[in-house]
Amino acid sequence: MADYNVIVIGAGPAGYVAAIRCSQLGMKTVCVDKWLNSENQASLGGTCLNVGCIPSKALLDSSHHYSFMQKQAATHGIKCDNVTIDIKTMQTRKAEVVETLTKGIAGLFKKNKVTSITGTAKLAANKQVIITEPDGKQQTISGDNIIIATGSTPVQIPIAKFDNKFILDSTGALAIDKVPERLGVIGAGAIGLELGSVWSRLGSQVTVLEALPDFLAMADRKIATLAQRELKKQGLAINLNAQVTSATVADDEVTVSYSEQQLVVDKLIVAVGRKPHTDNLDANEAGIQMDERGFIQVDKQCQTAIAGIYAIGDVIGGAMLAHKGSEEGVMVAELIAGQKSKMSYATIPFVIYTHPEIAWVGKTEQQLKSAKIEYKTGQFPFAASGRARASGDTSGMVRIFADAKTDSILGVHIFGNNASELITEAVVAMELEASAEDLARTIHAHPTLAEAVHEAALGVDGRTIHA
Ligand code: FAD
Ligand code: AMP
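In this report, we go over the structure that sits alongside the text. Being a predicted model, the structure only gives us computed values, none of them experimental. Once a new chain begins, its residue numbering starts again from 1 and follows that chain's sequence as written. Throughout, the order in which chains and ligands are written sets their labels, letters from A for the former and numbers from 1 for the latter. For a predicted model such as this one, the threshold for reporting local features is a pLDDT of at least 70, and the threshold for listing and counting side-chain atom pairs is 80 or more; totals across whole chains, interfaces and linings nevertheless cover every residue. With hydrogens and water set aside, each side-chain value is computed from the structure's full complement of heavy atoms.

**So, the site of ligand 1**
As a structural note, the neighbourhood of ligand 1 is formed by 37 residues, with D33, T47, K57, A121 and A322 the closest of them. At 2.6 Å, a side-chain N or O of K57 approaches an oxygen atom of ligand 1. Separating an oxygen atom of ligand 1 from a backbone N or O atom of A322 is a distance of 2.9 Å. When the free accessible area of ligand 1 is taken as 1000 Å², the share hidden by the protein chains comes to 96%. What makes a residue near a molecule or strand is one non-hydrogen atom of that residue sitting within 4 Å of it. Any pair of nitrogen or oxygen atoms within 3.5 Å is treated as a polar contact; in protein, a donor-acceptor pairing is required on top of that, and neighbouring residues in sequence qualify only through side-chain atoms on both sides. The protein chains shown are the only cover counted for residues, whose accessible areas, like all others here, come from Shrake-Rupley with a 1.4 Å probe.

Here's what the structure looks like:
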């Protein structure tokens with residue numbers, strides 16, 4: 001008999017959620033994770049809690065408050081002369097937020113009777129896992145099932161190798177202790193824009209270099225154009241068609257060469273994507289298949305080539321987002337328990353936490369056009385929203401695309417304050433296969449930003465009231 005019904009490797013949002021759900025379903029579950037914090041203590045929650053979603057949002061919120069006090073408070077009659085920022089306090093607060101939440105996962109494991117082991121896991125034959133603990137001690141455990149949730153790490157490019165002093169990965173960029181005068185960012189993806197925004201709001205002169213010709217190529221074009229304009233207004237220089245070819249450090253400066261031009265900065269953040277984390281795992285030797293980029297290959301149920309061994313989250317690629325991994329974790333736990341369960345890949349929301357935020361679900365207009373799907377459009381600007389006016393955040397709009405014949409919602413795209421929260425209404429509507437008419441007939445509280453989603457839904461049928 002195996003030691004455990006399920007061994008989960010990795011306690012990021014994919015692994016810890018899978019482990020809790022497995023335990024809830026009555027399976028004897030262990031979760032092995034190797035993350036240690038700066039004090040060499042186990043710190044559950046993976047990239048997301050330790051160096052990803054949570055610390056980045058803590059800094060985005062701190063820097064937003066600072067920027068608000070400098071630039072907008074006066075319009076509310078609030079005088080904030082000589083506002084200063086103490087980076088050490090800001091970073092300590094971030095660390096406290098992270099610590100509270102990572103300890104919270106340990107508490108959840110206890111409550112749900114998930115056994116937690118700190119150490120590096122390696123796959124061995126017959127669904128055995130060899131764990132090397134931080135003090136070097138080894139133990140071997142066996143499971144009826146294994147869920148690999150080992151996540152991802154930042155991609156390093158040979159022309160700009162991380163030294164985490166001048167050339168930083170996202171983890172280094174979250175830990176900067178003094179506002180750099182000039183900051184370069186390679187990559188205008190979610191991570192590059194969010195980290196660039198943090199330091200720009202705190203006073204850095206930020207230049208973002210993006211190799212692609214289009215800004216946020218995966219987002220709806222109209223939304224991306226509005227966002228690019230707004231970020232530029234905020235002081236973020238975004239250079240498209242800027243393929244970086246070298247970055248050299250000398251005299252405490254980084255000289256970045258791109259597309260026959262040069263940029264000199266005090267620090268450079270490289271945010272060009274993330275790669276699957278399968279080091280130490282011996283996945284290949286265990287018979288697990290990877291694709292050419294190293295992502296573990298799985299079927300629709302997240303099962304690898306070996307029955308009973310599953311992989312979820314960033315390590316299998318697709319949308320490298322915390323909530324995608326968590327939902328895969330829930331699905332796999334339920335499948336192992338013999339229940340029916342499936343993932344709704346078509347309704348995964350995407351969010352970029354700039355200010356205003358960019359959020360979407362479903363198809364973009366360009367995807368609908370290239371697939372030759374006939375659609376109707378409804379859109380509504382936040383400038384016409386009473387709530388947006390009252391708060392003073394009027395940039396952006398909501399766009400809804402609905403099938404021209406069936407009226408089913410095909411995509412919702414938002415650029416605006418609180419878009420990260422507003423998009424959930426669209427996700428629920430799409431998940432429940434609602435039509436634009438269903439959204440239009442749903443009563444929305446007044447005054448709320450969500451009324452803009454309502455108005456855009458009304459607009460699909462040409463009956464917007466307030467614009
Ligand atoms: P991870 O969170 O990477 O966790 C994997 C865990 O497995 C780690 O703890 C690792 O130490 C452990 N591990 C790896 N190998 C082994 C081994 N052999 N043995 C034992 N343990 C092992 N996503 C969002 O949805 N929203 C956001 O706002 C967002 N912001 C982000 C901001 C930044 C700066 C970054 C870097 C990422 C952000 N992400 C965001 C992405 C998000 O963090 C990831 O998609 C998510 O963490 C992936 O979850 P995961 O569980 O698959 O892997
Ligand atoms: P994401 O994968 O969403 O985090 O975004 C990373 C971005 O970095 C993508 O838009 C890439 O086009 C961009 N990128 C990758 N390599 C380079 C490079 N050498 N110079 C400039 N941009 C790059």
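**Concerning the sheet that holds strand β9 (residues 182–186)**
A pair of strands is labelled paired if DSSP reports no fewer than 2 bridges between them. Starting at the N terminus, helices and strands are each numbered in turn, a helix being any DSSP run of H or I of at least four residues and a strand any DSSP run of E of at least two. Reading across from one edge, β8-β15-β9-β10-β11 is the order of the 5 strands in this open sheet, with parallel pairing throughout. At either end of the open sheet lies a strand with only one pairing partner, and these are β8 (167–168) and β11 (237–239). The pairing of β9 with strand β10 (residues 205–209) spans 5 bridges and is classified as parallel. Counted as the bridge partner of R182 is Q205 from β10.

**Details of the packing of helix α1 (residues 13–24) against helix α8 (residues 322–336)**
For the pair α1 and α8, the least separation of the axes is 7 Å and the interaxial angle reads 30 degrees. Classed by the angle they form, the pair α1 and α8 counts as roughly parallel. Here α1 runs over α8; the crossing is right-handed. The segment α1 lies against α8, with P13, A14, V17, A18, R21 and C22 engaging A322, G325, S326, G329, V330, A333 and E334. By the convention adopted, Pro, Cys, Tyr, Trp, Phe, Met, Ile, Leu, Val and Ala count as nonpolar, Lys, Arg, Asp and Glu as charged, and the other residues, Gly among them, as polar. Grouping the constituent residues of the contact of α1 with α8 by class yields 8 nonpolar, 3 polar and 2 charged. Each axis is a line fitted through C-alpha atoms, and for a helix only the stretch in contact is used; angles between axes span 0 to 180 degrees, taken between their N-to-C directions. Note on angle classes: values under 35 degrees are labelled roughly parallel, values over 145 roughly antiparallel, values of 65 to 115 roughly perpendicular, and the remainder oblique. The sense of a crossing depends on the near helix, which, turned anticlockwise from the far helix by less than a right angle, makes the crossing left-handed and, turned clockwise, makes it right-handed. Contact definition: two residues touch when any of their heavy atoms are within 4.5 Å.

**So, α8**
Taking 1.5 Å of rise per residue, 15 residues should cover 21 Å, and α8 covers 21 Å from first to last C-alpha, within 8% of that figure. If you check which residues of α8 are buried, you get K324, G325, S326, E328, G329, V330, M331, V332, A333, E334, L335 and I336. Residues of α8 that are buried make contact with β1 (4–9), α1, β6 (138–148) and β17 (309–311). Among the residues trailing α8, G338 stands out with phi positive, at a value near 90 degrees. Any helix carries an expected span of 1.5 Å times its number of residues minus one. Each residue's exposure class comes from its accessible area (1.4 Å probe, protein chains only) as a fraction of the maximum for that residue type: buried when under 20%, exposed when over 50%, partly exposed otherwise.

**Focus on the sheet that holds strand β12 (residues 244–250)**
As summarised here, the arrangement of the 3 strands in space is β12-β13-β14, forming an open sheet in which the pairing is antiparallel. On the outer flanks of this sheet lie β12 and β14 (261–265), each paired with one strand and no other. When the angles between neighbouring strand axes are averaged without regard to direction, this sheet yields 20 degrees. As paired strands, strand β13 (residues 253–258) and β14 are joined by 5 bridges and run antiparallel to one another. Looking at β14, one finds that S257 is bridged to Q262.

**A look at helix α13 (residues 450–460)**
Within α13, 11 of the 11 residues are buried, which leaves it mostly tucked inside the rest of the structure. For α13, the full list of buried residues reads A450, E451, A452, V453, H454, E455, A456, A457, L458, G459 and V460. Those residues of α13 that are buried are in contact with β20 (375–381), β21 (397–403), β22 (409–416), α11 (419–431) and α12 (436–440). Just downstream of α13, G462 is the residue with a positive phi angle, here 70 degrees.

**Let's talk about the site of ligand 2**
By nearness alone, 13 residues border ligand 2, and G187, E210, A211, A242 and V244 come closest of all. With respect to ligand 2, the backbone of V244 contributes an N or O atom lying 3.1 Å from a nitrogen atom. For ligand 2, whose free accessible area comes to 510 Å², the fraction covered by protein is 72%. For the shell around ligand 2, a count of residues per class yields 8 nonpolar, 4 polar and 1 charged.

**Topic: the pattern of salt bridges**
Should a side-chain nitrogen of Lys or Arg be within 4 Å of a carboxyl oxygen of Asp or Glu, the pair is scored as a salt bridge. Applying the stated criterion to the full structure yields 14 salt bridges. Close ionic contact of E253 with R182 constitutes a salt bridge, the shortest N to O distance being 3.1 Å. In this pair, E253 is assigned in strand β13 and R182 in strand β9, connecting sequence segments 71 residues apart. Of the residues examined, E253 reaches a relative accessible area of 29% and is grouped as partly exposed. Classification of R182 by relative accessible area gives partly exposed; the value is 22%. Two residues, R463 and D461, come together in a salt bridge whose shortest N-O distance is 3.0 Å. Owing to a relative accessible area of 48%, D461 belongs among the partly exposed residues under this scheme. Here the residues in one salt-bridge network are E437, R441, D461 and R463, joined through shared partners.

**As for the pairing of strand β15 (residues 267–270)**
Both faces of β15 are covered, namely the face carrying K267 and I269 and the face carrying L268 and V270. Alignment of β8 against β15, held across 2 bridges, turns out to be parallel. Bridged to L168 within β15 is I269. Pairing between β9 and β15: 4 bridges, direction parallel. Looking at the pairing, V185 lines up with I269 of β15.

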